[in-house]
Structures are given as C-alpha cells and as structure tokens.
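# Observations on the three-dimensional arrangement
One-letter residues, chain by chain:
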Amino acid sequence: MKYLVGKKIGMTQIFDEEGTVTPVSVIEVEPNVVVQKKTIESDGYNAIQVAAQEVKERRLNKPEKGHFDKAGVGYRKHLSEFRTDDVESYNLGDEIKVDLFEVGEHVDVVGTSKGKGTAGIIKRHNFGRGRETHGSKFHRMPGGMGAASYPGKVWKNHRMAGKMGNERVTVQNLEIVRIDTDKNLILVKGAIPGPKKGTVRIKSTVKITK
C-alpha cells in the first residue's frame, strides 16, 4: 500500500490544453520519515510507522522525544502507520516523498471534518421545518420522538440535535491530477475533508469506480 501524511492547503482550479476546468484540492506533503518497523514477530502484524511535519523539540514530551531519538530522525508532529508485507524494503530514516504516487492514480483521502458545534435537526439532519404563519408554534423543533407508553423511551440512534462535524471522514477514489515534486504538492480532483492546514492521510484506494 502507498501511504503519505500531508496538510490540506485549500482548493483551486486548473485548466487543461482544451480549456476544461477541473476543481482540485491542494495537499502539501513534506517528506515522511520512517521511524519504526513493525513485524509479526515483535508486534503481531507487519506495518511501517512514519512521521510528518517538522516540529520544535519543546513541543514534544519525553516519550515522544525518546521515540525519535531511538530512530535517529528529526522531530515530527504526526505519527501514523500503514500495513504492508514489504517491511524489509524500508529502513529507519528513509524519506517517502510525493513521487511515490503518479498522475492519474486514484487515492483515498482521510481527514477530520470541520467542527460545526452543536447543531439542530434541520442543519444536522436536513429535517423539514414547520410553517411560520397562522399561529403555528412549531418552527424548528424536532417534534415527537418517543414511542408512547411502551416502551416509554427514546429509541437508540434517533436523529436529534447534537454535535456536528469534527469526525473522521474518508473520501474514496479521488484522481491525482498533478504532482509538483519541487514544492511537495499533490493536486487531487474534487474536495477533501477538513479545514485549511488540516492534516490528511493519502493512501492507495481500496476500490475504483467508473
């Protein structure tokens, strides 16, 4: 599996030779550094742990600092890992860059969606609202939610007001439109989750749909 940790820069659009416009999301991917190799013998599964986005030493606690010192690499902000059976082809300190992927390849992008705080049922679940005229006192309320005297409770998973956003979101099967190796940028077609400067993870897509 191909895997990188990057930072969402924002969205823009690019034009091809025929003048067709394509909306793209721009992801900045500083070189990811291999900091740990996990094997079935030592951890029960095969995986590679990578670190991304440089950070000052004072931003780390002692366990984190010791982890990077043991690997002999610079300090990074984010640690992440991906499963692979080809553990032996990686060495501690190896850098994984944007040229890992190719233009035209399809990827899945994982990020944390924007937090929108506490939202009502109309914004959160797209419920319909009551009328505003003729003395109606039902406008944006959720309405009945119980189940009469039996069982006398609100059923689990009932759609109600509550926290909206700030959740792990995966957008699948996005096409890589352009790669800039000089600026460490990957441009993918379409939108990806999260705010600007939010951390995202790019990995090989698990399915390709036409």
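A brief report on the enclosed structure follows.

## Some details on the overall build of the protein chain
A count of helices and strands for the protein chain gives three helices and twelve strands. The C-alpha atoms of the protein chain give a radius of gyration of 23 Å, which is well past the 17 Å a tight globule of 210 residues would have. Taken along the three principal axes of its C-alpha coordinates, the protein chain extends 70 × 50 × 35 Å. Relative to its 210 residues, the protein chain shows a buried fraction of 35%. In the protein chain, of all internal contacts separated by at least 6 residues, the share reaching a separation of at least 24 is 70%. Working note: accessible area of the protein chain is about 13,500 Å², and carbon and sulfur atoms make up 48% of it.

## What to know about a negative patch on the surface
On the surface, a cluster of negative charge is made up of E41, D85, D86 and E88. Among the secondary structure elements, D86 is positioned in the loop between β5 (76–83) and β6 (95–96).

## Thoughts on the sheet that holds strand β4 (residues 47–54)
The four strands are arranged β5-β4-β3-β6 in an open sheet whose pairing can be described as antiparallel. Looking at strand neighbours, the two that pair on one side only are β5 and β6, the edges of this open sheet. Both β4 and β5 contribute to a ladder of seven bridges, which runs antiparallel. Within the sheet, the bridge partner assigned to V50 lies in β5 and is S80.

## Observations concerning the nonpolar core
Counting 25 residues, the largest nonpolar core has V50, F101, V107, I186 and V188 as the members making the most contacts within it. For this core, the secondary-structure elements that each account for two or more residues are β1 (3–15), β4, β7 (106–112), β10 (168–180), β11 (185–189) and β12 (199–204). I186 has contacts with L4, S25, V26, I27, V29, V98, F101, I176, R178 and I202, leaving out every residue within four places of it along the chain.

Rules behind the numbers
Sequence order as written defines residue numbering, which begins from 1 separately in each chain. It should be noted that, the model being predicted, local features are given only for residues of pLDDT at least 70 and side-chain atom pairs only at 80 or more, the latter also being counted only at that level, while totals for whole chains, interfaces and linings use all residues. Based on all heavy atoms of the structure, the side-chain values leave hydrogens and waters out of the count. Numbering goes from the N terminus for both helices and strands, where a helix is a DSSP run of H or I of at least four residues and a strand is a run of E of at least two. Taken over C-alpha atoms, the radius of gyration is set against a globule rule of 2.2 Å times the number of residues to the power 0.38. Only protein chains enter the area calculation, which uses a 1.4 Å probe; residues under 20% of their type maximum are buried, those over 50% are exposed, and those in between are partly exposed. Whether two residues touch is decided by their heavy atoms; if any such pair falls within 4.5 Å, the residues are in contact. To be clear on the numbers: accessible area is Shrake-Rupley with a 1.4 Å probe, and residue cover counts the displayed protein chains and nothing else. Note that patches include only residues with greater than 30% relative accessible area and no salt bridge, and the join distances are 9 Å for like charges and 5 Å for nonpolar side chains (Val, Leu, Ile, Met, Phe, Trp, Tyr). Throughout this description, the term salt bridge denotes a Lys or Arg side-chain nitrogen within 4 Å of a carboxyl oxygen of Asp or Glu. The charged-residue count follows a simple rule in which Lys and Arg add positive charge and Asp and Glu add negative charge, with His and chain termini not counted at all. Just so you know, the charge point we use is NZ for Lys, CZ for Arg, CG for Asp and CD for Glu. Paired strands are those between which DSSP finds at least two bridges. We define the nonpolar core as a collection of buried residues of types Ala, Val, Leu, Ile, Met, Phe, Trp, Tyr and Cys that are connected through side-chain atoms lying within 4.5 Å of one another.

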